[in-house]
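The lines below spell out each chain.
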Number of protein chains: 2
Amino acid sequence: MGIVVQKYGGSSVADAAAIKRVARRIVEAKKDGHDVVVAVSAMGDSTDNLLDLAGEVSPLPPARELDMLLTAGERISMALVAMAISDLGYSARSFTGSQAGVITDSVHGKAKIIDVTPGRISTALDEGHIVIVAGFQGVSRDTKEITTLGRGGTDTTAVALAAALKADVCEIYTDVDGVFTADPRIVPTARKLDAVTYEEMLELAACGAKILHLRCVEYGRRYDIPIHVRSSFSQLEGTIVAGSIDDQQHQESTMEQAIIAGVAHDRSEAKITVVGVPDKVGEAARIFEALAGAQINIDMVVQNVSAAATALTDISFTLPREDGQTAMGALAKIQAEVGYDKLLYDDQVGKVSLIGAGMRSHPGITAKFFAGLASAGVNIQMISTSEIRISVIVDQAQVDAAVQATHTAFDLDADEIEAVVYGGTGR
Amino acid sequence: MGIVVQKYGGSSVADAAAIKRVARRIVEAKKDGHDVVVAVSAMGDSTDNLLDLAGEVSPLPPARELDMLLTAGERISMALVAMAISDLGYSARSFTGSQAGVITDSVHGKAKIIDVTPGRISTALDEGHIVIVAGFQGVSRDTKEITTLGRGGTDTTAVALAAALKADVCEIYTDVDGVFTADPRIVPTARKLDAVTYEEMLELAACGAKILHLRCVEYGRRYDIPIHVRSSFSQLEGTIVAGSIDDQQHQESTMEQAIIAGVAHDRSEAKITVVGVPDKVGEAARIFEALAGAQINIDMVVQNVSAAATALTDISFTLPREDGQTAMGALAKIQAEVGYDKLLYDDQVGKVSLIGAGMRSHPGITAKFFAGLASAGVNIQMISTSEIRISVIVDQAQVDAAVQATHTAFDLDADEIEAVVYGGTGR
């Protein structure tokens, strides 16, 4: 009988029929006795249409005005969802991010939520209304300007509201049935996970699983809000993201569960190798300072011991492919200073990651992973590990084979095909 | 070097090209040394598109949510106009009605402005920005809900901002060159008026001239804000609405001006005649109380003295045609009580009005008006007058002929065709 927060993405409110379906779903939760708060994204591709309009007017629109423009998208969808609920005989009140008390910093286009003051939401719930909130947006604390939260913004809005309202659960409705052991488009026998810890979900998200954005999972973990990822196109239970791998009770229960949560992959990175770096103190620091100065986020880094004869070493790292040219430029500028030999750039790479809390206490996981890759003829270019993850960089053309081989090696395949993939966006 | 407020309607910001043209126009005013505040409507038919969407979701959407939905329209256009200005190298800040301090009552869909607190606008002007404000919208004082102002809302926003900011002038940009002596689509030789008093403009607006909404003119008159009606498609001077007919100085200057401001017409009314009303005290009151109870606005009312033999009279009145059925129903209910004979309903009527401050001091205007109508073979059904206006109800099919004959009778025709009519909307 507590508060339930639901989030519906753009594909779930793409047109009038979809909005009516979502309204019925929301009313069901209300009928079950819950207080219901809903965060919605803009309809279908309406955000892209607004961006196109902006592009026609100005090649480089001011970020403040772009936020003003884009926030119209959620304003439209939230009002329509409220109308559809009203049409079912229930009372709904829509609120903009600002009205809902979503307080952010002042960084237009990718603002961070710094506080949520949901006074108007609480009042509306007390009065018996269903509350609809525009996702993806807020108001800056210092300047009182309208801001947008950037990628994954509506998921983050939903979890932040759930935390501020002390909700029982935050339900993220999407166009797939939940979190799977691998991308069902690559592994048709991938299994839906019933539950996964925050840490595992963070690793999955960071390694390319697009179902939940990193920020949203981090928010849920910090405030201990269970996140239920499920399909808006079916009534099936989805995946519950909750619990910590350090939690004793959870550890005991997961002992009997799968050791491995899933296999993630990511084709969006590129690899740069700095060849012939003098093997002395401070050289690596100089290289990565140059990259940080160019605002580039580095993912994996590998450096081997140098051959004693030359006292030179190679440093390889991966980064978002879209930052590739910027990084190459930044490194070229310091060639004389660092004294390296040359740069190699490769954007035909992919990352395959094996994630599971159980791997901490089960030896031999790494060996089994690499054996699986070898059996599929996949060559490993780079390796990186965390406590609950092993990632490898491979040839991009071999990513599918690597994911499939790994999935099979760890007995993750379901008996039959479970997954239905609807395809959609992520805002 | 004072403040200029400009208003651009939906047809002036219908697409990216139109928005860029408007931006250049705004920047010209800034270059001339003015502080510039702009009120904009939603793009072209975007409001209709939003209404269609609402209709697909709910046949009777809640007024609060409808306001939330429709206000997205101006939010989009204002952000795009600000971007286009920025692209010209000038700095612009857009504000919603709420941010701009447009405070209204709580009547969703047709809220009235009760205060304007333009603190953020003044600050932005002081910082050198051009200010763009969403027209047609505000925030209610008591409930802090988003409201819309109804028809003529953006014109009213502009004049209200001009009053609050003590602007030098409020420029209403539209798709015609100004206020004409008659509708140029009916009278191709109609002349553009260089100036017209508030009272004349009020009568013109009330009698069917669609160029300015009544509320906007009333606001301008109350706060003595000159309103410059002009085309956004040309650089021509338009029509200045300013000054009172009671103003001594104005009277002197207008003595040499035209006696007649113009001829207006209106085809949106219907006529109801209550036949055989007993000619005794209180009967008329009972009839119009019944109509008032049904929320119907009456325009003209005519009652002749009764024929002594019967002691029965006929009462005729005009009203908006859309209220016709409601009025007939309300009157039918009181037939027994009033004891009238029958009701006649006629929606094939039109109103033609002659308006001019000069008619107060020039005898013979009425005779000349009626003679003109007679020469064109137009039969007069009802007559109503004010201090500066004479209106007649005629057969709807004869409206054009009546307007043309009147225009010619008062020598209002220009030597050649002046008017360019672009056709557009009115929000």
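The name given to chain A in an unreviewed UniProt entry is Aspartokinase, with the source organism recorded as Nocardioides aestuarii. Under the Sequence similarities (unreviewed entry) heading, UniProt states for chain A: "Belongs to the aspartokinase family."

Re the interface of chain A and chain B
Taken together, the contact between chain A and chain B spans 40 residues of the former and 40 residues of the latter. Summed over both sides, the interface of chain A with chain B buries roughly 3,300 Å², with 64% coming from carbon and sulfur. Contact with chain B buries area across many residues of chain A, yet Val 57, Arg 75 and Met 83 of chain A alone supply 22% of it, more than any other trio. At the junction of chain A and chain B, the tally comes to two salt bridges. In this structure, the salt-bridge partner of Glu 145 of chain A is Arg 120 of chain B, at a minimum N-O distance of 3.6 Å. Here chain A is connected to chain B by 14 residue pairs in polar contact (both at pLDDT 80 or more). Listed by contribution, the elements that provide at least two residues to the side of chain A that touches chain B are α1 (16–31), α2 (46–57), α3 (63–87) and β3 (92–95) of chain A. Broken down by element, the residue count for the side of chain A that touches chain B peaks at 17 residues, all from α3 of chain A. Per-class residue counts for the side of chain A that touches chain B are 24 nonpolar, six polar and ten charged.

What to know about the packing of aromatic side chains
For the coordinates displayed, the defined rule picks out eight aromatic pairs over all chains. Look at Phe 369 of chain A and Phe 370 of chain A: their rings are 5.7 Å apart centre to centre, the planes differ by 40°, and that puts the pair in the tilted class. When its relative accessible area of 23% is taken as the criterion, Phe 370 of chain A is described as partly exposed. Arranged with centres 4.6 Å apart and planes meeting at 10°, the rings of Tyr 8 of chain B and Tyr 173 of chain B form a pair that is stacked. Of the two residues, Tyr 8 of chain B sits in strand β1 (residues 3–8) while Tyr 173 of chain B sits in strand β9 (residues 169–174), which places them 165 residues apart along the sequence. You'll find Tyr 8 of chain B and Tyr 173 of chain B in the same group, each marked buried. Between Arg 64 of chain B and the ring centre of Phe 95 of chain A, over which it is positioned, the NZ or CZ distance is 5.1 Å.

Quick word on the sheet that holds strand β9 (residues 169–174) of chain A
All names here are of chain A. Spatially, eight strands are ordered β3-β6-β2-β1-β9-β11-β12-β10 in an open sheet, and the strand pairing comes out mixed. Here the strands that pair on one side only, and so sit at the sheet edges, are β3 and β10 (195–196). Looking at chain direction, β9 and strand β11 (residues 227–231) are connected through five bridges and run parallel. Residue pairing for β11: Glu 171 is matched across the bridge by His 228.

Here's the deal with the sheet that holds strand β3 (residues 92–95) of chain B
All names here are of chain B. Spatial ordering of the open sheet is given by β3-β6-β2-β1-β9-β11-β12-β10, a layout of eight strands whose pairing is mixed. The open sheet terminates on both sides in strands that have one partner only, identified here as β3 and β10 (195–196). As judged from the four bridges shared by β3 and strand β6 (residues 130–134), these two strands associate in the parallel manner. Paired with Ala 92 across the two strands is Ile 130, which belongs to β6. Strand contacts of helix α5 (residues 153–164): β1, β2 (35–40), β6, β9 and β11 (227–231), with the helix running at about 175° to β1, the strand carrying the most contacts.

Details of the pattern of salt bridges
Using the criterion set out here, one finds 28 salt bridges over all chains in the structure. Across the salt bridge formed by Arg 64 of chain A and Glu 65 of chain A, the nearest N and O atoms sit 2.6 Å from each other. The class of Arg 64 of chain A is buried, set by a relative accessible area of 8%. Linking Arg 286 of chain B and Glu 337 of chain B is a salt bridge whose minimum nitrogen-to-oxygen distance equals 3.7 Å. Of the two residues, Arg 286 of chain B sits in helix α9 (residues 283–293) while Glu 337 of chain B sits in helix α11 (residues 335–338), which places them 51 residues apart along the sequence. One network of salt bridges, with partners in common, ties together Arg 64, Glu 65 and Glu 145 of chain A together with Arg 120 of chain B.

Describing the pairing of strand β7 (residues 137–140) of chain A
All names here are of chain A. Judged from the two bridges that link them, strand β4 (residues 102–104) and β7 form a sheet pairing that is parallel. Following the sheet pairing, Thr 104 is matched in β7 by Ser 140. The pairing of β7 with strand β8 (residues 146–148) spans three bridges and is classified as antiparallel. Within the sheet, the bridge partner assigned to Val 139 lies in β8 and is Ile 146. The turn linking β7 back onto β8 is made up of five residues, and Lys 144 within it adopts a positive phi angle of 55°.

What counts and how
- Residues numbered from 1 in each chain as written.
- Chains lettered and ligands numbered in written order.
- Predicted model: local features only at pLDDT ≥ 70, side-chain atom pairs only at ≥ 80, totals over all residues.
- Heavy atoms only, no water.
- UniProt positions renumbered as here; feature names shortened; annotations may be inferred.
- Contact = heavy atoms within 4.5 Å.
- Buried area = accessible area lost by both parts, 1.4 Å probe.
- Salt bridge = Lys/Arg side-chain N within 4 Å of Asp/Glu carboxyl O.
- Polar contact = N/O pair within 3.5 Å; in protein donor to acceptor, adjacent residues only side chain to side chain.
- Helix = DSSP H or I, 4+ residues; strand = E, 2+ residues; numbered from the N terminus.
- Nonpolar A, V, L, I, M, F, W, Y, C, P; charged D, E, K, R; others polar.
- Phe/Tyr/Trp six-rings, centres within 6.5 Å; stacked < 30°, edge-to-face > 60°.
- Buried < 20%, exposed > 50% of the residue type's maximum accessible area, 1.4 Å probe, protein only.
- Lys NZ or Arg CZ within 6 Å of the ring centre and 35° of its normal.
- Pairing = 2+ DSSP bridges.
- Axes fitted to C-alpha atoms, helices over the stretch in contact; angles between N-to-C directions.

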